[in-house]
Amino acid sequence: MNAIFEGIGASVRRKEDLRFLSGRGHYTDDMNRPGQTHCVLKRSDRPHAIITSIDTSAARAAPGVVAVFTHADLDADGVGGVPCGWQIHSKDGSPMVEPGHPVLATGRVRHVGDPVVAVIAETRQQARNAAELLVIDYQDLPAVAHIADAIAPGAALVQEAAAGNTCFDWHIGDKDLVDAAFARATHRVKLDLTNNRLVPNAMEPRAAIGDYDAMSGDYTLITTSQNPHVIRLLMGAFVLHIPEHRLRVLAPDVGGGFGSKIYHYAEEAIVTWAAGKLKRPVKWTADRSEAFMSDAHGRDHASTAEMALDAEGNFLALRVATVANLGAYLSTFAPAVPTYLSATLLAGVYKTPAIYAEVRAIFTNTVPVDAYRGAGRPESTFLLERLLDTIAHDTGIDRIELRRRNFIPTDAFPYQTPVALQYDSGDYVSTLNAALKAADWDGFAARRAEAKARGKLRGIGVSTYVEACGIAPSKLVGALGARAALYEVAQIRVHPTGSVTVFTGTHSHGQGHETTFAQLVASQLGVPFENVDIVHGDTNKIPFGMGTYGSRSLAVGGTAMVKAMDKIIAKGKKIAAHLLEASVDDIEFANGNFTVAGTDRAKSFGEIALTAYVPHNYPIEDIEPGLEETAFYDPANFTFPGGCHVCEVEVDPETGVTTVVNFTAVDDVGRVINPMIVEGQIQGGVAQGIGQALLENAVYDEQGQLVSGSFMDYTMPRADNLPNISVGTETTLCTHNALGVKGCGEVGAIGSPPAVINAVVDALKDYGVRHVNMPATSQKLWQIIQDSSAQPAVANLSSN
Amino acid sequence: MPQVTLTVNGKSHTVEVEGRTLLVELLREKLGLTGTHVGCDTSQCGACTVHLNGTSVKSCTTLALQADGGVVTTIEGLAAADGTLHPMQEAFREHHALQCGFCTPGMVMSAVDLVNSNPQGLSESDIRHGLEGNLCRCTGYHNIVKAVAAAWPVMHGKETVAAE
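Residues numbered from 1 in each chain as written. Chains lettered and ligands numbered in written order. Predicted model: local features only at pLDDT ≥ 70, side-chain atom pairs only at ≥ 80, totals over all residues.

A.B. asks: Pulling in residues and values, what's your account of the overall build of chain A?
C.D. replies: Counting its secondary structure elements, chain A contains 20 helices and 28 strands. Relative to the globule expectation of 28 Å for 800 residues, the C-alpha radius of gyration of chain A, 28 Å, shows essentially globular dimensions. The burial tally for chain A puts 59% of its 800 residues in the buried class. When contacts within chain A are restricted to residue pairs at least 6 apart in sequence, long-range pairs at least 24 apart make up 81% of them. (Helix = DSSP H or I, 4+ residues; strand = E, 2+ residues; numbered from the N terminus. Rg over C-alpha atoms; globule rule 2.2 N^0.38 Å. Buried ≥ 20, exposed ≤ 12 C-beta atoms within 10 Å, placed from the backbone. Contact = placed C-beta atoms within 7 Å.)

Following this line, the structure appears as structure tokens:
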């Protein structure tokens, strides 16, 4: 392994910015193909109903209409359902209930937004007009949207095969050990809490264009995806049965994902299939309203958490029971989120010796729920960090002291938790100390008093967290139910004049990979940054890849690049040895030069590249010409970023409005390649976390209608809702990848929500508040304050 | 079908539209200016912001007919003819005020109007309130606010864009 990483650590300005700033990005909806038609989907406006008839005659006769398709047309062509990529087994060993997920609703609709009919016309407006002429008769069925309703005895069944609406009933940890610890504990602290349902709302709505070349039989799908190869695999193999050499999937510039663009969606299959059927390109672009009812949602857990402690406040055992709402169908990664991406993080940064967690996953008449920025880890972090502050509240132990007392010590790594994961590195004391200092924790009392004089309730909150990312060690996740390995791939092509094209299976949709990866490759190969281009998002150019999610792109994809570069350098050394008439073992590579050790005899990287392609003098018997290498990398373990977030709020008791006045994040994301980009990733994640804590909530009414179905109703954080976000880093290196990197995409959204709510609860402590569920809206806090004034020192206002 | 004549980025166009055609549809579909994006259907996100007669408007809630005889500037027309970036574009690049780039054209156009309309100066709070009609899901706005603050003195002739 070559250990030079010069140039790494510089805040290089981004390569991708020029095209985005000048309006020359190429997002899916910006593209049009000759002869293109437009698809509009008629979606269910019912939460749960039997489709009794579909009359398409008026729509078919409408101006510009090319075709109208229902499930019957798909069935006739043998189109399969949308598959799920992860299988969980229940406690009793039985596999999860895995109902079909038809591309177009078949016989029954199960959530508002379920697609029923595809109308394809010459223009989008004509398709919309025609869709209005469809007559669909429904027989309404009772619906369940909320967790409590879905698990109530006698609840309506969303999926006939899922008794009690249960998809699976899973557990992890040692129940007997936990029960024994609870029996001998001095303190037992219990908290019921929910993790609110969110809509990811990447600013670019999803879109897809299908195309078909009748001469070659080749299909092309242009789609807003975080992982084009995964879409090719799932759609080609399971839905449309198109061999992979006949299916090209392009994910061009993509306007944000946050998880919601990982999954294979029905619309991708519809436009691709329809293009083949019609021999014309078919384009679909979601309205924002459509996105609200068709993009996979996030979170939506209800949990009970209990901690057993000894007299000194040492944790003895943790017991957690969670119900997770998976929506009406299983999205691609949905079963993994509340289980292996959440319950396995319940040790957090603490040396809790015994943990037992149960997760019951249920179906409801709502949009499918899947991974959203953090995916399971924000849920476990919120649970733990709220429980920590509640323990402090109930026992009187200082909340910082409680954390310090129970931290996994810095010298204890590698640390095996009781819930499967082994953390390789971390230093939770350092991040805590740095964050407390940066946030001036010790000076808070004065700020609180000053705010009180102004009539404001000021509170401060902290969260200390760890997360698991860099998905994923393939053998391990295979044993845990993943139906595919999670390697990453890099192909590095050195051109004859020494410039470099890097083909990566990861995908950039805001993360700045074109810059960070170019920095990595330029510094490793000693070539100018400008001479390195990164190619992503095209299955015809890139050998393979699993895409971007779970903060994996640098830790897994970047390490694959290092492996490929090691091969390039090894080959370059052989060529250099030949040219320099030296032994390969004597060739050293540094700063872009191959040198005979201890001499000034050297060949530059460019000379070696030229020699590799157009040599007169070449060791042709020993090595092939050319300088291009491919590497697959399978991580040995997850990576474990962690840190400490401190939030300071002021609540206006007159209005209940919470203002975040200071936010400090100190994170350990391992080695940092581009500090500017890392800071931006963390700030963006924190903004989403503050949004979850204070503003955002996907609301279904009792009948299953999505009430918060637009930006008029769903509160997105705006510039005037958020503070400046101070970001610091403390670094311990990942021990099992060549770069020592851990990942930074999700930490902001994972660490921040409990810091915000801990601050809100602290602000309201004089009102006897023990817990507030998210989002802590002004209405909710105003009501708490009103109720409390009437009834001073109410013990627990944790209910919604 | 009615016609509209308008100047877009310095070039005159006469286009047939339906009465219901939106300005953003005219720009994206008729003129191929796809830098102006559509991020919602309720006039909430601001991704479609352009300048009409020197003022920022949401082109998703402006009928093409309303722009008849008007002068429109889109993100494609903001840089100088020689490609030199507008100070706001330069400030966004320098301060990492964009990630996925989707909200960026609208955000930049709004920010330019905000700075132009406030020659007396802009506080951080003014900038945050001034941009509340534009949603960004990536940046948390921190760097956008920095970029706008940095562009103000340049646009008002006080200084050049300062590196960090």
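We are not done yet, so read on.
A.B. asks: Talk me through the interface of chain A and chain B; I want residue IDs and the actual numbers.
C.D. replies: The interface of chain A with chain B comprises 41 residues on the first partner and 43 residues on the second. For the side of chain A that touches chain B, the secondary-structure elements that each account for two or more residues are helix 1 (17–21), helix 9 (288–294) and helix 18 (675–695) of chain A. Looking at the side of chain A that touches chain B element by element, the count peaks at seven residues for helix 18 of chain A. Looking at the side of chain A that touches chain B, its residues break down into 17 nonpolar, 14 polar and 10 charged. (Nonpolar A, V, L, I, M, F, W, Y, C, P; charged D, E, K, R; others polar.)

A.B. asks: Which residues make up the sheet that holds strand 1 (residues 37–43) of chain A, and what values do they have?
C.D. replies: All names here are of chain A. Reading across the sheet, the seven strands line up as 3-5-1-12-9-10-11 and stay open at both edges, with mixed pairing between neighbours. Of all strands in the sheet, those with a lone pairing partner are strand 3 (65–69) and strand 11 (247–250), marking the two edges. For this sheet the average axis-to-axis angle between neighbouring strands, irrespective of direction, equals 20 degrees. Along the sheet, helix 7 (residues 228–239) contacts strand 10 (218–223) and strand 11; its crossing angle with strand 11, the most-contacted strand, is approximately 145 degrees. (Pairing = 2+ DSSP bridges. Axes fitted to C-alpha atoms, helices over the stretch in contact; angles between N-to-C directions.)

A.B. asks: So what's going on with the pairing of strand 13 (residues 301–309) of chain A? Residues and values would help.
C.D. replies: Residues and elements named next belong to chain A. As paired strands, strand 8 (residues 187–195) and strand 13 are joined by nine bridges and run antiparallel to one another. Directly across from Leu193, in strand 13, lies its bridge partner Ser303. In this structure, strand 13 lies alongside strand 14 (residues 315–325), joined through nine bridges in antiparallel fashion. By the bridge assignment for strand 14, Ala305 is matched with Val320.

A.B. asks: Describe the packing of helix 2 (residues 87–94) of chain B against helix 5 (residues 142–155) of chain B, naming the residues involved and giving the relevant values.
C.D. replies: Residues and elements named next belong to chain B. The interhelical angle for the contact between helix 2 and helix 5, taken along N-to-C directions, is 145 degrees, at an axis separation of 8 Å. For the pair helix 2 and helix 5, the crossing hand works out as right-handed. Residues Pro87, Met88, Ala91 and Phe92 of helix 2 form the contact with helix 5, whose own contacting residues are Ala147, Ala150, Ala151, Val154 and Met155. Looking at the contact of helix 2 with helix 5, its residues break down into nine nonpolar, no polar and no charged. (Left-handed = near helix turned anticlockwise from the far one by under 90°.)

A.B. asks: Now, about the environment of Ser508 of chain A: what can you tell me, with residues and values included?
C.D. replies: Among the structural elements, Ser508 of chain A can be located in the loop between strand 20 (500–504) and helix 15 (513–525). Once the C-alpha coordinates of Ser508 of chain A and Met676 of chain A are considered, the two residues, 168 residues apart in sequence, prove to be 16 Å apart.

A.B. asks: Run through the pairing of strand 18 (residues 457–466) of chain A, naming residues and quoting values.
C.D. replies: Residues and elements named next belong to chain A. Of all 10 residues in strand 18, 10 are buried, a share of seventy percent or more. Here strand 18 shows a buried face lined by Leu457, Gly459, Gly461, Ser463 and Tyr465 and a second buried face lined by Arg458, Ile460, Val462, Thr464 and Val466. Sheet topology note: the strand 18/strand 26 (residues 642–651) ladder contains 10 bridges and is antiparallel. Bridged to Arg458 within strand 26 is Glu650.

A.B. asks: Kindly report on helix 10 (residues 377–395) of chain A, identifying the contributing residues and their values.
C.D. replies: Residues and elements named next belong to chain A. With 19 residues, helix 10 ought to run about 27 Å at 1.5 Å a step, and its terminal C-alpha atoms sit 27 Å apart, in line with that. Burial analysis of helix 10 places 15 of its 19 residues in the buried class, the great majority of the element. Once helix 10 finishes, Gly396 follows within two positions and takes phi at roughly 85 degrees, a positive value. (Expected span 1.5 Å × (residues − 1).)

A.B. asks: Any chance you could break down the domain arrangement of chain B for me, citing the residues and the numbers?
C.D. replies: Residues and elements named next belong to chain B. Under the domain assignment, chain B is made up of domain 1 (3–76) and domain 2 (87–155). Averaged C-alpha coordinates put domain 1 and domain 2 at centres separated by 21 Å. Tallying the contact residues gives 15 residues for domain 1 and 11 residues for domain 2. At the level of secondary structure, the elements contributing two or more residues to the side of domain 1 that touches domain 2 comprise strand 3 (49–52) and strand 4 (55–58). Among the elements that line the side of domain 1 that touches domain 2, the one with the most residues is strand 3, at three residues. (Domains from an automatic or database assignment.)

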